[in-house]
Amino acid sequence: MARETKTVRETKVGTPDRSRRRPRFEGELGSREKTDLDVIGKRQPRLDGPEKVSGRSIFADDVQLPGMLCGKILRSRYAHARILSLDTSKAEALPGVKAVITAKDIGEIDVNGREPVFASDAVTYIGEEIAAVAALDELTAEKALELIEIEYEELPAVMNMRRALKEGAPLVDGKTEGNLWSDDIDNYGEVEPAFETADYIFEEKYEAGVTHNLFAEFHVAVVDFSLPDKLTLYTPTQTSYLMQHALAPAFGLTLSQVQIIHLNTGGAFSGRGSVRPHHYIAILLSRETRRPVKIFATGDEEFLVCRALGENKYKMRMALKKDGTITAFDMEAEMDGGAVGTEVGYFGWMAGLCNSWVFPLEGLRMRRRCVLTNNRPNFLGHGGLMLSTNAAIMQLINTTAKKIDRDPIDLLYQNAIEEGHTGLSGEWFASCGLRECIETVRKASDWDNRYGKLESYHGLGVGIGSMAAGAKGAFRHDTSAVMVRVGEDGIVTVYTGIPDMGQGTHTTMAVIVAEVLGIDPNDMKVIAGDTDLTPIDVGAFAQRGTIQTGNAARNAALDAREQLTVYAAGKLEVDKDDLVFRGGKVYAQNAPDKSMGFEDLVYKTLHGKEGRSVMGRGFYNSPLQFGTTSWSFGAQIAEVKVDPDTGEVQVLKVWVAHDLGRAINPLACEGQIDGQVYSAMSQILYEEVQTDAGLYLNPSRLEYKVPRSYEMPEIDYHLIETIDPFGPFGAKEIGEGIIVVSGGAIAAAVSDALGGEFIGEMPMAPWRVLKHVKRVQRQEAAGRSAA
Amino acid sequence: MLLPDHSYVKAESLEECLKTLRETGEKAKVIAGGTDVIFNMRLKLFQPEVAVSIRGLKDLLQVEELDDGSVRIGAACRLADLIDHPLAGGRYPAFRQSLEAVASTHIRNMGTLGGNICLETRCWYTNNSDQWREGLQGCYKTDSELCHVIKSSTKCHAINNSDTPPALIALGATLTLQKEGAKREVPIAEFYRADGVDFSVLGPGEIVTHVTIPPVSDRQVFIKITPRKGMDFSLGAVAARCDGEGEQISNIIIVLGSLVTAPVVLDKPAQVVLEAGLTDDAIEKAADLVRDELGEVSNLYGRSIYKRQIAIVLVKRALTQLREQ
Ligand SMILES: Cc1cc2nc3c(=O)[nH]c(=O)nc-3n(C[C@H](O)[C@H](O)[C@H](O)COP(=O)(O)OP(=O)(O)OC[C@H]3O[C@@H](n4cnc5c(N)ncnc54)[C@H](O)[C@@H]3O)c2cc1C
Ligand code: SF4
């Protein structure tokens, strides 16, 4: 796997023709009417709620297979070292040990074509896999690890981006020419002219620290590969589909020979999107021992294996006209990719785009440099890089407004795009309630009477943002398929491949199907997450669940309904297009007394002459070649209080207005808002992996600080429905659109509490905030004495 | 993280317990509520051959008022039970505040007062698993002659991070220590040593059996600052008490906790407010002196500069609250 560093890649896209209203779509758009719905829009508790809270839900670690062994991984303790010798003989001799494997035992297999399963000649980060054992029990496996003897020769390591990019810096893995992994520049529209003709240019720097995703469910893989033609893997994931596609070729199997079962997934936050070394290792151990193997991460190991956000540094430049029009952004990001080059750069691109397309810009330039270091390979966290980018931009806009004597909310409103706008990178916004969102939170929070008039060390901040619902082209394809089986007793089962990591998507699918068939979602079942059983679905990321899988569910339900209308139309003697499915009944549109019960209809359809068993099938694929059809928009206002003695920040209240297209299930939507406001607050104010030369100093749930329910602010929810023409019943997304904006609003509020001081560090931990408080106090004192 | 192999002895009586402790010597470890000791065993910081449980020892479970009005509390009493006990939390407000400040409801339901007083000192190095620690060399507390936290140090700087000791020191409490055949009383103010490894005067086979708090006035306070509410060790804590009326006070004791290896009794700041009274000026001046008395504050959890600032804020807040009482 020789690597080469990439040279600068620069693209230039001109300003799109904004005169055409619908530049990229052919064919009909969906109906925009707010049709009279029965099930959708009601507060539907999660179908699996009782099971979850009573502890009956099964997670991967609950799986016990006959003869299962315990697998454990020996990890590097050095950030960079040569492996001089590796002796596993003592471990192999330990009674109870069934296999010990290292790089030399596994042939050509690597992880996603990018990194080795086991380090062979050198280790390049702390936690890198070196060897693994499978034993009868955990204690024996632990002992066996201790018996593996390794001789290292420590090599110079680069632990931060500044050092990594220095001339003559040690190379992270010796395979590249330098430590710069990628350097991409994208220009949209007219960047230079916008800056040249600007009346104001404001610039700030912002740095975000290393985080951990803190999943409720640790990393775990249970594998049965005891027979050569069948590989079964139980693991929490956002995509069983992509895992299947990665593993089948790696182990010389067909897709159908690989079964991925994801059961329940205890949190993902963009961190469970691909196959990781521990999955491969569990498979290899199972193949070697011909027995099922379970590998699960222990407390601090969890911090080593998690691939979350690394250090990210931004430089933001913004061009404005005198009247407050924002004309251009120039954003530079430096991203610590860790020891294995990653696609973090791509996500930096997404982050820059989605936080700037809310403005009708003339120009946008984004540079993203992804740097290799001897840190843990980095990937994503909740809100990805979009959260920190939004926190930087919104702080920049809120502080700029103060400087040019404008109200930030006016400035945002003035610059907010509207429906029908075409973005610089070509996206066309078929529905957009951004201005309505801004107006809503402005009114709800009584902004006009409160902004700038709060007591000292209290602050209000406003943020806006947007999120793509689905991103065709980012994965192999974007098709989701769903099956709807109508049982003999009238109970409907939905089969879907999309994982529910807590976001409630399975209930959403049930609600959509229930709406079409006119039944009660509480009577339904959802079968999910077993590639042997459920139809194709790329997975739960990029906010594609509701729009892609939701449309597939709608189509599958329509198919089932169509099959049911055959009997009903004959029996009720009405045209099948005049039939209404609602409230557990089927009746004629104009003669509601001509009706029959849903269950009765199902029974008679099966037991009638045709003998039809009803099974609906549906799939959905975005009408675009590439990209997204629908975007959510949102505005939020946060109110915070800073303790000037200790620097502690308390978020008092957050007003949220989110244009999600349609609220399929308002209860779940509010749950999404709660979770994302929480997580944004957590990342903006608390979360930080503290490191010393690559070693994590706080790898535990006690010391990696996240807030608890006590810290939760009051939330004021406003779900704005713009009924998108593409989404199922007009729905777009509420999966990540909230967290991004909460981040911006909270960061801006802290800055406002300190009189507009830009706080360029994330998390805004008490000791950092206190430094800013002292600075502001010194400035004030100097100002007073000068006066 | 599995527990190391060990045997478990649940003593039936205090005598039997003390005998077992003498016989097993260094190989034994006392377990009370177990909320900390079990955790440290999982981390392989402690690998005792014998775990001697003192939970349920009747002698250590009583709370009683003595003839002189003092209250004697058994060391095995659970923190949760003491909070609302009329003779414990009910009588001493600062003690109550410190009990309530410990960890979470679950931990207070298990953790004992003796365990809180004898809590192992903490630092980021030893509070991680043995596998994690292997990435670095050992330290004074494990098996080497060095400290990772203060690199130049000749001793261990792990902090005393427990919440009741500052309050108990401010209240003038005394500990009863017992080993087989011997019993002694030690003021809790003299119990701790400025060394993270050998952090108390407890001798081999000796345990804390009782805590005795004398009758004191109600002018007392305990405050702790944590990164988040409901479950966290202190970034810094303060306890203070005094006699007298309004700004005019006598017998003041101010104690800082969770900043260094042992709770720190602040003499000079106390002297300032004793002489000048609890005026704004004096409080300000007293707080300014905290810096000098604290000695070396390491960055054990949280930056040292920040912790110094916290200490000053704590003292100011405590004195201001005392004035209002
Ligand atoms: C998540 C978490 C959060 C925590 N937060 C806090 C906090 O905020 N504040 C705080 O103060 N503590 C905290 N603790 C630490 C601990 O739980 C409490 O201090 C508790 O009171 C310890 O009591 P225990 O009975 O469980 O002690 P144990 O764990 O049983 O013992 C602790 C130590 O004291 C020794 N010991 C116990 N009893 C005696 C005795 N009678 N004589 C001599 N030695 C004895 C043991 O040998 C051991 O070394 C926390 C712990 C956890 C796990
Ligand atoms: S403070 Fe004590 S326990 Fe921590 S590293 Fe130093 S010597 Fe070891």
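It should be noted that the structure appears before, not after, this text.
Residues numbered from 1 in each chain as written. Chains lettered and ligands numbered in written order. Predicted model: local features only at pLDDT ≥ 70, side-chain atom pairs only at ≥ 80, totals over all residues. Heavy atoms only, no water.

Trainee: Now, about unusual backbone geometry: what can you tell me, with residues and values included?
Mentor: Residues and elements named next belong to chain A. Geometrically, the link from Met 762 to Pro 763 is a cis peptide bond, its omega value of 5° lying close to zero. By the secondary structure assignment, Pro 763 is in the loop between strand E32 (761-762) and helix H19 (766-786). Of note, the phi angle at Ser 270 is positive, near 65°, even though the residue is not glycine. With phi around 55°, Gln 543 is a residue other than glycine that occupies positive phi space. As for its position among the elements, Gln 543 is in the loop between strand E22 (525-528) and helix H15 (545-572). Of the residues examined, Gln 543 reaches a relative accessible area of 15% and is grouped as buried. (Helix = DSSP H or I, 4+ residues; strand = E, 2+ residues; numbered from the N terminus. Buried < 20%, exposed > 50% of the residue type's maximum accessible area, 1.4 Å probe, protein only.)

Trainee: How would you explain the site of ligand 2 if you had to name every residue and give the values?
Mentor: In the region of ligand 2, the neighbouring residues are Cys123(B), Tyr125(B), Thr126(B), Cys139(B), Tyr140(B), Lys141(B), Cys147(B), His148(B), Val149(B), Cys156(B), His157(B) and Ala158(B). Partitioning the shell around ligand 2 into residue classes produces eight nonpolar, three polar and one charged. (Near = heavy atom within 4 Å. Nonpolar A, V, L, I, M, F, W, Y, C, P; charged D, E, K, R; others polar.)

Trainee: Go over the nonpolar core with me, naming the residues and quoting the values.
Mentor: Residues and elements named next belong to chain A. In terms of nonpolar packing, the biggest core is built from 102 residues, with Phe 329, Phe 359 and Ile 397 touching the most fellow members. For this core, the element with the most residues is helix H10 (residues 384-403), which contributes 10 residues. When near neighbours in sequence (up to four residues on either side) are disregarded, Phe 359 contacts Ile 326, Phe 329, Met 394, Ile 397, Leu 412, Asn 415, Ile 417 and Ile 464. Val 486, Leu 579, Val 614 and Tyr 620 belong to the second largest nonpolar core, which has 44 residues in total. (Core = buried A, V, L, I, M, F, W, Y, C linked by side-chain atoms within 4.5 Å. Contact = heavy atoms within 4.5 Å.)

Trainee: Describe in detail the sheet that holds strand E6 (residues 174-179) of chain B, supporting the description with residues and values.
Mentor: Residues and elements named next belong to chain B. The strand order across the open sheet formed by five strands is E4-E5-E8-E6-E7, and the pairing between neighbours is antiparallel. Bordering the open sheet on either side are strand E4 (63-65) and strand E7 (182-187), each of which pairs with just one other strand. Taking each pair of neighbouring strands and ignoring which way they run, the sheet shows an average axis angle of 20°. In this sheet, strand E5 (residues 71-74) lies alongside E4 in antiparallel orientation, the contact comprising three bridges. (Pairing = 2+ DSSP bridges. Axes fitted to C-alpha atoms, helices over the stretch in contact; angles between N-to-C directions.)

Trainee: Run through the side chain of Thr232(A), naming residues and quoting values.
Mentor: Residue and element names in this part refer to chain A. Structurally, Thr 232 is set in strand E13 (residues 230-234). Within polar-contact distance, the side chain of Thr 232 engages the side chain of Gln 259 at 3.2 Å. Excluding residues that lie within four positions of it along the chain, Thr 232 makes contacts with Val 222, Val 223, Asp 224, Gln 259 and Ile 261. (Polar contact = N/O pair within 3.5 Å; in protein donor to acceptor, adjacent residues only side chain to side chain.)

Trainee: Now, about the site of ligand 1: what can you tell me, with residues and values included?
Mentor: The full set close to ligand 1 counts 34 residues, and Val30(B), Gly33(B), Gly34(B), Thr35(B) and Thr112(B) are the nearest of them. Chains contributing residues near ligand 1 are chains A and B. At 2.9 Å, a backbone N or O of Ala103(B) approaches an oxygen atom of ligand 1. Between ligand 1 and Val208(B), the relevant distance is 2.9 Å, taken from a nitrogen atom to a main-chain nitrogen or oxygen of the residue. Within the complex, the protein chains bury 94% of what would otherwise be the 960 Å² of accessible surface of ligand 1. (Areas by Shrake-Rupley, 256 points an atom, 1.4 Å probe, with all protein chains shown as cover.)

Trainee: Explain the packing of helix H14 (residues 505-517) of chain A against H15(A) residue by residue, including any values.
Mentor: Residue and element names in this part refer to chain A. Between H14 and H15, whose axes approach to 9 Å, the crossing angle comes to 35°. Both H14 and H15 take part in a crossing whose hand is right-handed. Mapping the contact onto sequence places Thr 508, Met 509, Ile 512, Val 513, Val 516 and Leu 517 in H14 and Gly 545, Thr 546, Thr 549, Gly 550, Ala 553, Arg 554, Ala 557, Leu 558, Ala 560 and Arg 561 in H15. Counted by class, the contact of H14 with H15 contains nine nonpolar, five polar and two charged residues. (Left-handed = near helix turned anticlockwise from the far one by under 90°.)

Trainee: How would you explain the interface of chain A and chain B if you had to name every residue and give the values?
Mentor: Across the boundary between the two partners, chain A contributes 33 residues, which contact 30 residues of chain B. Taking both partners together, chain A and chain B bury about 3,000 Å²; carbon and sulfur atoms supply 53% of that area. For the chain A face of the interface with chain B, the top three residues by lost area are Arg77(A), Leu702(A) and Trp767(A), together amounting to 19%. On inspection of chain A and its partner chain B, the count reaches 13 residue pairs in polar contact (both at pLDDT 80 or more). Going through the elements one at a time, helix H3 (138-147), helix H8 (299-305), strand E30 (695-696) and H19 of chain A are the ones with two or more residues in the side of chain A that touches chain B. Ranked by residues supplied to the side of chain A that touches chain B, first place goes to H19(A) with five residues. (Buried area = accessible area lost by both parts, 1.4 Å probe.)

Purely geometric stuff here, so don't read any function into it on its own.
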